[in-house]
Amino acid sequence: MSSAYAMIFMSALLSAVGGCAGGPPSPELDVMEVTFPVALDEVKTAVADVLTEGGYTVDQDDAGNLTTGMRQEIRSPWNGLLRWRFGVGKNRVEARVIPQDDHTTRLRLQVFHREKDGLFDSWEMAETPLPQSAANEIRLIKNALRLL
């Protein structure tokens, strides 16, 4: 009888430990796709301006892609330490601007957010904070294009 209790105890213990063995769930992608009734050049300019004002350095290529480096959190020489070593979160953005016709442009904007809990932890993908989210960036781009 005691071996039956031992087997039940061991199976309950293994199922409890096995349920906790998985890592944290991966965050959903922070992506938005929007079509604007505006010409391609105006959308590219608005996207670059909004991202630059948000603390990003923006690079454009000929294919319609806009990419950024990591967002500048504070304007000081210590920004590098905050962003790369001591910080708890960092963001970068990729935007694809595609012309639909002469007066319509499609924008696909994705925000990548990484964070860590402490000085000696590693950076992991995480959910984007609201002020830097793709939805907020789209809202700021609409404001810049005067579409709201």
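Everything here concerns the structure above.
Computed from a predicted structure; not experimentally measured.

**Observations regarding the overall build of the protein chain**
The number of helices and strands found in the protein chain is four helices and six strands. Starting at the N terminus and walking to the C terminus, you meet the elements of the protein chain as α-β-α-β-β-α-β-β-β-α. Considering the protein chain as a whole, with its 148 residues, one finds that 31% of them fall into the buried category. Sequence-distant contacts in the protein chain: of pairs separated by 6 or more residues, those separated by 24 or more amount to 54%. Looking at the protein chain as shown, the accessible area adds up to about 9,700 Å², and 57% of this sits on carbon and sulfur atoms.

**Notes on the packing of aromatic side chains**
Tallied over the entire structure, the rule returns zero aromatic pairs. The side chain of Arg92 reaches across the aromatic face of Phe112, ending 4.3 Å from its centre.

**As for a negative patch on the surface**
There is a patch of like negative charges on the surface, built from Glu115, Asp117, Asp121 and Glu124. As for its placement among the helices and strands, Asp121 is situated in the loop between strand 5 (104–115) and strand 6 (124–125).

**As for unusual backbone geometry**
Phi is positive for Arg146, which is not a glycine, with a value near 60°. Mapped onto the fold, Arg146 is located in the segment after helix 4 (134–145).

**Some remarks on the pairing of strand 4 (residues 89–101)**
In terms of strand pairing, strand 3 (residues 65–68) meets strand 4 through three bridges, oriented antiparallel. By the bridge assignment for strand 4, Leu66 is matched with Ala95. As judged from the twelve bridges shared by strand 4 and strand 5, these two strands associate in the antiparallel manner. Across the sheet, Ile98 pairs through a bridge with Arg106, a residue of strand 5.

**Structural notes on helix 2 (residues 40–53)**
Taking 1.5 Å of rise per residue, the 14 residues of helix 2 would be expected to cover 20 Å, and the 20 Å separating its terminal C-alpha atoms lies within 8% of that figure. Residues of helix 2 that are buried: Val43, Lys44, Ala46, Val47, Ala48, Val50 and Leu51. Contacts made by the buried residues of helix 2 are with strand 1 (30–36), strand 2 (58–60), strand 3, strand 4, strand 5 and helix 4. A positive phi of about 100° marks Gly55, the residue just after helix 2.

**Things to note about the packing of helix 2 against helix 4**
For the pair helix 2 and helix 4, interaxial distance at closest approach is 9 Å and the crossing angle is 120°. Regarding the angle of helix 2 to helix 4, the classification is oblique. Crossing handedness for the pair helix 2 and helix 4: right-handed. For the pair formed by helix 2 and helix 4, the contact residues are Glu42, Val43, Ala46, Val47, Val50 and Leu51 on the first element and Glu137, Leu140, Ile141, Ala144 and Leu145 on the second. Taken together, the residues of the contact of helix 2 with helix 4 break down into nine nonpolar, no polar and two charged.

Criteria and thresholds
- Residues numbered from 1 in each chain as written.
- Predicted model: local features only at pLDDT ≥ 70, side-chain atom pairs only at ≥ 80, totals over all residues.
- Heavy atoms only, no water.
- Helix = DSSP H or I, 4+ residues; strand = E, 2+ residues; numbered from the N terminus.
- Buried < 20%, exposed > 50% of the residue type's maximum accessible area, 1.4 Å probe, protein only.
- Contact = heavy atoms within 4.5 Å.
- Areas by Shrake-Rupley, 256 points an atom, 1.4 Å probe, with all protein chains shown as cover.
- Phe/Tyr/Trp six-rings, centres within 6.5 Å; stacked < 30°, edge-to-face > 60°.
- Lys NZ or Arg CZ within 6 Å of the ring centre and 35° of its normal.
- Patch = residues over 30% accessible without salt bridge, like charges linked within 9 Å, V, L, I, M, F, W, Y side chains within 5 Å.
- Salt bridge = Lys/Arg side-chain N within 4 Å of Asp/Glu carboxyl O.
- Lys, Arg positive; Asp, Glu negative; His and termini not counted.
- Charge placed at Lys NZ, Arg CZ, Asp CG, Glu CD.
- Pairing = 2+ DSSP bridges.
- Expected span 1.5 Å × (residues − 1).
- Axes fitted to C-alpha atoms, helices over the stretch in contact; angles between N-to-C directions.
- Parallel < 35°, antiparallel > 145°, perpendicular 65-115°, else oblique.
- Left-handed = near helix turned anticlockwise from the far one by under 90°.
- Nonpolar A, V, L, I, M, F, W, Y, C, P; charged D, E, K, R; others polar.

Bear in mind that shape data such as this cannot, by itself, settle questions of function.
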